[in-house]
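Reading the structure
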Amino acid sequence: MSRRMLLWWGVGCLVLATALGAFVVFGYSETPGFDRWWNELIASVRGDWMYSFALALNWVGGGWVAILGVPLLAIVALLLARRWRSALFAAICFAASAGAVQLLKQLFGRARPEDMLVVSDYGSFPSGHTANAATIALVIWVLFPKAWTALLGALWVLAMALSRTFLSVHWASDTLGGALVGAGVVLVLAAWLLPWVRHRREEPVEAPVG
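Residues numbered from 1 in each chain as written. Predicted model: local features only at pLDDT ≥ 70, side-chain atom pairs only at ≥ 80, totals over all residues. Heavy atoms only, no water.

Notes on the packing of aromatic side chains
- Under the criterion given, the structure shown has seven aromatic pairs.
- Consider the rings of phenylalanine 26 and phenylalanine 108, whose centres lie 5.9 Å apart with planes at 55°: the pair is tilted. Linking phenylalanine 26 in helix H1 (residues 3-26) with phenylalanine 108 in helix H5 (residues 84-108), this pair joins segments that are 82 residues apart in sequence.
- Relative to phenylalanine 125, the ring of phenylalanine 108 lies with its centre 5.6 Å away and its plane at 85°, an arrangement referred to as edge-to-face. You can see phenylalanine 108 sitting in helix H5 and its partner phenylalanine 125 sitting in the loop between H5 and helix H6 (128-143), a full 17 residues away along the chain. Here phenylalanine 108 and phenylalanine 125 have matching classes, each one buried. (Phe/Tyr/Trp six-rings, centres within 6.5 Å; stacked < 30°, edge-to-face > 60°. Helix = DSSP H or I, 4+ residues; strand = E, 2+ residues; numbered from the N terminus. Buried < 20%, exposed > 50% of the residue type's maximum accessible area, 1.4 Å probe, protein only.)

Pasting the structure below:
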């Protein structure tokens with residue numbers, strides 16, 4: 001994918017996320033019908049295995065594990081592979097994504113569902129857990145653009161999004177917004193930094209002897 005395409009897709013994701021937040025928060029006096037329907041559907045079919053699954057992802061995708069543990073693990077792995085430019089790119093993406101999520105949370109201040117099963121921070125839109133999952137997925141895909149990385153990344157984001165609604169800490173639209181923010185940030189930064197990340201210093205050519 002060209003730099004221009006990466007930029008357009010990234011900006012498009014961020015614009016869509018912002019527009020979605022404005023639509024669900026300022027366009028409705030109450031929670032939109034789809035969000036309420038999905039929340040009620042999940043509550044009616046939620047089983048013990050869903051709850052355990054969601055709690056595990058809640059731990060992996062939030063708190064110090066998501067803020068420090070996962071990013072540091074990814075950065076260290078890239079450094080051990082002698083890809084310090086990729087490690088720096090990943091670090092910038094993680095920081096920028098987290099900043100964008102907090103900015104939109106403060107901007108919209110959306111109330112969370114009343115039947116939350118775990119304690120969470122201020123602001124329901126966008127989902128920080130889902131944004132973080134999308135950031136991880138897109139960073140891996142940008143650095144290792146293979147079909148299997150794209151598939152695993154998509155499954156990871158979907159699983160995280162579902163887990164947030166299983167626990168009723170987010171509306172469905174919050175998770176879509178989070179996925180758009182995480183993906184958009186990485187794509188915009190990739191359009192800017194990817195040529196530098198992929199740069200390889202040419203070794204000097206030795207003159208032939210004799």
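Let's talk about a nonpolar patch on the surface
- Where nonpolar side chains cluster on the molecular surface, the patch consists of Leu79, Trp84, Leu88, Ile92 and Trp196 and spans about 460 Å² of accessible area.
- Per element, the largest residue contribution to the nonpolar patch is three residues, and it comes from H5.
- One can find tryptophan 84 in helix H5. (Patch = residues over 30% accessible without salt bridge, like charges linked within 9 Å, V, L, I, M, F, W, Y side chains within 5 Å. Areas by Shrake-Rupley, 256 points an atom, 1.4 Å probe, with all protein chains shown as cover. Salt bridge = Lys/Arg side-chain N within 4 Å of Asp/Glu carboxyl O.)

Considerations on the packing of H5 against helix H8 (residues 172-197)
- For the pair H5 and H8, interaxial distance at closest approach is 9 Å and the crossing angle is 150°. Here H5 lies roughly antiparallel to H8, going by the angle between them. The two elements H5 and H8 cross, and the hand of that crossing is right-handed. Listed contacts from H8 to Trp84, Arg85, Ser86, Leu88, Phe89, Ile92, Cys93, Ala96, Ser97, Ala100, Val101 and Leu104 of H5 are Val181, Gly182, Val185, Val186, Leu189, Ala190, Leu193, Trp196 and Val197.
- Residue composition of the contact of H5 with H8, by class: 17 nonpolar, three polar and one charged. (Axes fitted to C-alpha atoms, helices over the stretch in contact; angles between N-to-C directions. Parallel < 35°, antiparallel > 145°, perpendicular 65-115°, else oblique. Left-handed = near helix turned anticlockwise from the far one by under 90°. Contact = heavy atoms within 4.5 Å. Nonpolar A, V, L, I, M, F, W, Y, C, P; charged D, E, K, R; others polar.)

Re the confidence of the model for the chain
- Model confidence for the chain is summarised by a mean pLDDT of 88, while 93% of its residues fall at 70 or above.
- Here residues 201-210 is modelled with pLDDT under 50, and outside its nearest four sequence neighbours on either side it reaches zero contacts, counting other chains as well. (pLDDT = per-residue confidence, 0-100.)

Brief notes about the environment of threonine 18
- In this structure, threonine 18 sits in helix H1.
- For threonine 18, a relative accessible area of 33% translates into the label partly exposed.
- If sequence neighbours within four positions are ignored, threonine 18 has contacts with Leu104 and Phe108.
- Looking at threonine 18, its side chain comes within polar contact range of the main-chain oxygen of leucine 14, at 2.9 Å. (Polar contact = N/O pair within 3.5 Å; in protein donor to acceptor, adjacent residues only side chain to side chain.)

Examining the packing of helix H7 (residues 147-166) against H8
- Contact geometry for H7 and H8: axes closest at 9 Å, N-to-C directions at 150°. Between H7 and H8, the angle falls in the class roughly antiparallel. Of the two possible hands of crossing, H7 and H8 adopt the one that is right-handed. Side by side, H7 and H8 meet where Val157, Ala161, Arg164 and Thr165 of the first sit next to Ala172, Thr175 and Ala179 of the second.
- When grouped by side-chain class, the residues that make up the contact of H7 with H8 number four nonpolar, two polar and one charged.

As for the nonpolar core
- The biggest cluster of nonpolar side chains holds 44 residues, and the ones touching the most others in it are Phe89, Val181 and Val186.
- Of all elements in the fold, only H1, helix H4 (63-80), H5, H6, H7 and H8 reach the threshold of two or more residues within this core.
- With 13 residues, the single largest contributor to this core is H8. (Core = buried A, V, L, I, M, F, W, Y, C linked by side-chain atoms within 4.5 Å.)

A few points about the pattern of salt bridges
- In total, this model carries two salt bridges according to the counting rule given.
- A salt bridge links arginine 110 to aspartate 174; the shortest N-O distance between them is 2.7 Å. With a gap of 64 residues between them, arginine 110 in the loop between H5 and H6 and aspartate 174 in helix H8 connect regions that are remote in the sequence.
- Residue class for aspartate 174 comes out buried when judged on its relative accessible area of 0%.
- What emerges from the salt-bridge pattern is a single network uniting Asp35, Arg110 and Asp174.

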